[in-house]
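Descriptive structure summary
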2 protein chains.
Amino acid sequence: MSGSASANNLVKLFGVNGTRRTPAVDGWNVRCASYPQTIAEPRLVPNRRKIFTEGEAADFFYQVVSGQVRTYTMLDDGRRQIDGFYLAGDIFGIEAGPLYRFSANSIGEVAVFAFRRSDLERLTNLNSELGKAILFSLVGSLARKQDHLLLLGRKSAKEKVAGFLLDMAQRAARATTSGMPLQRADIADYLGLSRETVSRVLSQLSRDGIIGAHAGR
Amino acid sequence: MSGSASANNLVKLFGVNGTRRTPAVDGWNVRCASYPQTIAEPRLVPNRRKIFTEGEAADFFYQVVSGQVRTYTMLDDGRRQIDGFYLAGDIFGIEAGPLYRFSANSIGEVAVFAFRRSDLERLTNLNSELGKAILFSLVGSLARKQDHLLLLGRKSAKEKVAGFLLDMAQRAARATTSGMPLQRADIADYLGLSRETVSRVLSQLSRDGIIGAHAGR
DNA sequence: CGCTCGCTTGAGGACTTTCAACTGCCGTGG
DNA sequence: CCACGGCAGTTGAAAGTCCTCAAGCGAGCG
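Report on the accompanying structure.

1. Overview of the pairing of strand 3 (residues 60–74) of chain A
Residues and elements named next belong to chain A. The buried count for strand 3 comes to 12 of 15 residues, which makes it a mostly enclosed element. Bridge count for strand 3 against strand 6 (residues 103–116) is 11 bridges, and the pairing is antiparallel. Its bridge partner lying in strand 6, Val64 is registered against Val112. With 2 bridges connecting them, strand 3 and strand 5 (residues 91–92) associate as antiparallel partners. Note on strand 5: the bridge partner recorded for Gln63 is Ile91.

Below is the structure:
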């Protein structure tokens, strides 16, 4: 989605319908250090290519260097739930069990570091930057998921979309990510709505002058 | 809620409407070691008492020893979203920022260990049981939240309740927790439904013989 | 014994989805 | 070079799910 969100207006809109008592997490971005080749393998992923798929052996976990990644779960009847979007610095794909429990795709061209899962214990035991980064990232992901839960469980379509735009605008500002080619379907599956509803709400917000015109794709 | 869920029937029901491609996480319960008094302070929390509240300084994090804890977020218009239920061994209340972003309450009488947040870094740097337990617990929480997201975003009321009963039955079995006095309102706020809808669905499942009679409170 | 609280059930209504048609853009191929 | 097909998005109408409001029930407690 390419609409430029006006945070102020959205906050105003947001305030009408129910605000969190504590401000949403400000994200806990982890700086992207450079790692010795022996532990971090750099990889380049082309547009809309899978990084890993649900059910595969979870031998690696990843840190985003540039671009965006989305992780999602599918039901066997085709319904899809996007768990999250990951920007530069974010870590994803750490599993407790032997298999990935969800899939990950690139959105646009993406660069990542791949870490061997078997190194995880060793890495965290070191008093390393990476160990802290992992801990920090996990806690940040957890916080983000809590906001997401609130969004999905207790908010109207309009609040969902507004909250989403706000969140993404903030994160994008911090991560200095270039314009993101997010599709309606992605937003819908992130928010638990249908594409049509997302489209309607965006049109509505646009008509009300709350967000800038959202040019085509 | 006191209905005894018949897992088999629920799975059957579940299979009709959409199943995950990979089985739900089996939980990553962390054994409850005993810790030296210097790092872990044991606490006893009476029934339905707050453990911490959103917005307070997040000076401690906790591990459940016995009983159950629920964490939740409130909107200022009274809507509530329960993030999760924590059973024996689970760790909760770790924050990246200085404040708690949600509140925690006991359900029934609860015993916990309280850890100083300022010790966190030291604890994780050690090659300690606790460090691993924390990492493991965080990853487990994340997995659980993903299931929760799927539940909230892409499932019908019936699927939500069924999924919830299944999940709780499994966890309770593992944690050997005694019967849980969960109220309809708690279930509703966990699933993003109204109390009435939860009640209706439970009645329906009961009529269909899928769950045992759910005696009063 | 009466009150309160949690649960249940019904009826009507609001919000979101589903189905369907239409638009504009882009790449492909004649 | 232009026509065609496909894809993403938009919009409308009808249908469905879930919520809100409201009343009734039963158990526990003062």
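That covers the picture; the talk isn't over yet.
2. Some thoughts on the packing of aromatic side chains
Residues and elements named next belong to chain A. By the definition in use, this model includes 20 aromatic pairs over all chains. With a centroid separation of 3.7 Å and 10° between ring planes, the pair formed by Phe52 and Tyr100 is classed as stacked. Of this pair, Phe52 sits in strand 2 (residues 50–52) while Tyr100 sits in the loop between strand 5 and strand 6; the two residues are 48 residues apart in sequence, bridging distant segments of the chain. Tyr100 matches Phe52 in its accessibility class, with the two residues each being buried. Through pairs of rings, three or more aromatic residues link up here, namely Phe52, Tyr62, Tyr86, Phe92, Tyr100 and Phe102. Here the guanidinium or amino end of Arg80 rests over the ring plane of Tyr72, the centre of that ring lying 5.7 Å away.

3. Notes on the pairing of strand 6 of chain A
Along any regular strand the residues' side chains alternate between the sheet's two faces. All names here are of chain A. Counting buried positions over the 14 residues of strand 6 gives 12, a clear majority of the element. Examined bridge by bridge, strand 1 (residues 40–45) and strand 6 share 6 bridges and lie antiparallel to one another. The residue of strand 6 that forms the bridge with Pro42 is Phe113. Across 2 bridges, the pairing between strand 2 and strand 6 is antiparallel. Residue Lys50 lies in a different strand from strand 6, and its bridge partner there is Asn105.

4. Digging into the protein's contact with DNA strand C
In the vicinity of DNA strand C lie 17 residues, with Ala157(A), Thr197(A), Arg184(B), Ser199(B) and Ser203(B) positioned nearest. Near-protein atoms of DNA strand C (within 4 Å) split between backbone and bases, with sugar and phosphate holding 54%. Arg200(B) is positioned such that a nitrogen or oxygen atom in its side chain is 2.8 Å from a base nitrogen of DNA strand C. Between DNA strand C and Ser203(B) there is a distance of 2.7 Å, counted from a phosphate oxygen to a side-chain nitrogen or oxygen. Elements supplying a minimum of two residues to the surface near DNA strand C: helix 6 (195–207) of chain A together with helix 6 (195–207) of chain B. Of the residues forming the surface near DNA strand C, the biggest block, 4 residues, is contributed by helix 6 of chain B. Per-class residue counts for the surface near DNA strand C are 2 nonpolar, 8 polar and 7 charged.

5. Comments concerning the packing of helix 3 (residues 129–154) of chain A against helix 3 (residues 129–154) of chain B
Geometry of a packed helix pair, given as the angle between the helix axes and the separation of the axes. As a packed pair, helix 3 of chain A and helix 3 of chain B sit with axes 10 Å apart at the nearest point and diverge in direction by 20°. Classed by the angle they form, the pair helix 3 of chain A and helix 3 of chain B counts as roughly parallel. Two packed elements cross with a definite hand, and for helix 3 of chain A against helix 3 of chain B that hand is left-handed. Along its contact with helix 3 of chain A, which presents Ile134(A), Leu135(A), Leu138(A), Val139(A), Ser141(A), Leu142(A), Lys145(A), Gln146(A), His148(A), Leu149(A), Leu152(A) and Gly153(A), the element helix 3 of chain B presents Ile134(B), Leu135(B), Leu138(B), Val139(B), Ser141(B), Leu142(B), Lys145(B), Gln146(B), His148(B), Leu149(B), Leu152(B) and Gly153(B). The class makeup of the residues in the contact of helix 3 of chain A with helix 3 of chain B is 14 nonpolar, 8 polar and 2 charged.

6. Brief notes about the protein's contact with DNA strand D
Close to DNA strand D lie 17 residues, the nearest being Arg184(A), Ser199(A), Ser203(A), Ala157(B) and Thr197(B). Of all DNA strand D atoms lying within 4 Å of any protein atom, the proportion belonging to sugar or phosphate reaches 56%. The side chain of Thr197(B) places a nitrogen or oxygen atom 2.3 Å from a phosphate oxygen of DNA strand D. Between Arg200(B) and DNA strand D, the recorded distance is 2.9 Å, taken from a side-chain N or O atom to a base oxygen. Elements with a contribution of two residues or more to the surface near DNA strand D: helix 6 of chain A together with helix 6 of chain B. Ranked by the residues each element gives to the surface near DNA strand D, the list is headed by helix 6 of chain A, at 4 residues.

7. Some remarks on the environment of Leu191(B)
All names here are of chain B. Looking at the element boundaries, Leu191 is found in helix 5 (residues 184–191). Spatially, the C-alpha atom of Leu191 lies 7.5 Å from that of Leu151, the residues being 40 residues apart in sequence. Setting aside anything within four residues of it in sequence, one finds Leu191 in contact with Leu151, Leu152, Lys160, Val161 and Phe164.

8. Some thoughts on helix 6 of chain B
All names here are of chain B. The first and last C-alpha atoms of helix 6 sit 18 Å apart over 13 residues, in line with the 18 Å expected at 1.5 Å per residue. Of the positions making up helix 6, those classed as buried are Val198, Val201, Leu202 and Leu205. Buried residues along helix 6 cover an arc of 100° about the axis, so they all sit on one side. Set apart from the buried face of helix 6 by more than 90 degrees, the exposed residues are Arg200 and Arg207. Of the residues flanking the end of helix 6, it is Gly209, one or two places downstream, whose phi is positive at about 75°.

9. Section: the side chain of Gln63(A)
All names here are of chain A. Within the secondary structure, Gln63 is located in strand 3. On the basis of relative accessibility, which here comes to 0%, the residue Gln63 falls in the buried class. Of the polar contacts made by the side chain of Gln63, one reaches the backbone oxygen of Gly89; its length is 3.0 Å.

10. Description of the packing of helix 5 of chain B against helix 6 of chain B
Residues and elements named next belong to chain B. Contact geometry of helix 5 with helix 6 gives a least axis separation of 8 Å together with a crossing angle of 105°. In terms of orientation, helix 5 lies roughly perpendicular with respect to helix 6. Facing Arg184, Ala185, Ile187 and Ala188 of helix 5, the residues of helix 6 in contact are Arg195, Val198, Ser199 and Leu202. Per-class residue counts for the contact of helix 5 with helix 6 are 5 nonpolar, 1 polar and 2 charged.

Each value, and the rule that gives it
- Residues numbered from 1 in each chain as written.
- Chains lettered and ligands numbered in written order.
- Predicted model: local features only at pLDDT ≥ 70, side-chain atom pairs only at ≥ 80, totals over all residues.
- Heavy atoms only, no water.
- Buried < 20%, exposed > 50% of the residue type's maximum accessible area, 1.4 Å probe, protein only.
- Helix = DSSP H or I, 4+ residues; strand = E, 2+ residues; numbered from the N terminus.
- Pairing = 2+ DSSP bridges.
- Phe/Tyr/Trp six-rings, centres within 6.5 Å; stacked < 30°, edge-to-face > 60°.
- Lys NZ or Arg CZ within 6 Å of the ring centre and 35° of its normal.
- Near = heavy atom within 4 Å.
- Polar contact = N/O pair within 3.5 Å; in protein donor to acceptor, adjacent residues only side chain to side chain.
- Nonpolar A, V, L, I, M, F, W, Y, C, P; charged D, E, K, R; others polar.
- Axes fitted to C-alpha atoms, helices over the stretch in contact; angles between N-to-C directions.
- Parallel < 35°, antiparallel > 145°, perpendicular 65-115°, else oblique.
- Left-handed = near helix turned anticlockwise from the far one by under 90°.
- Contact = heavy atoms within 4.5 Å.
- Expected span 1.5 Å × (residues − 1).
- Arc of directions from axis to C-beta.

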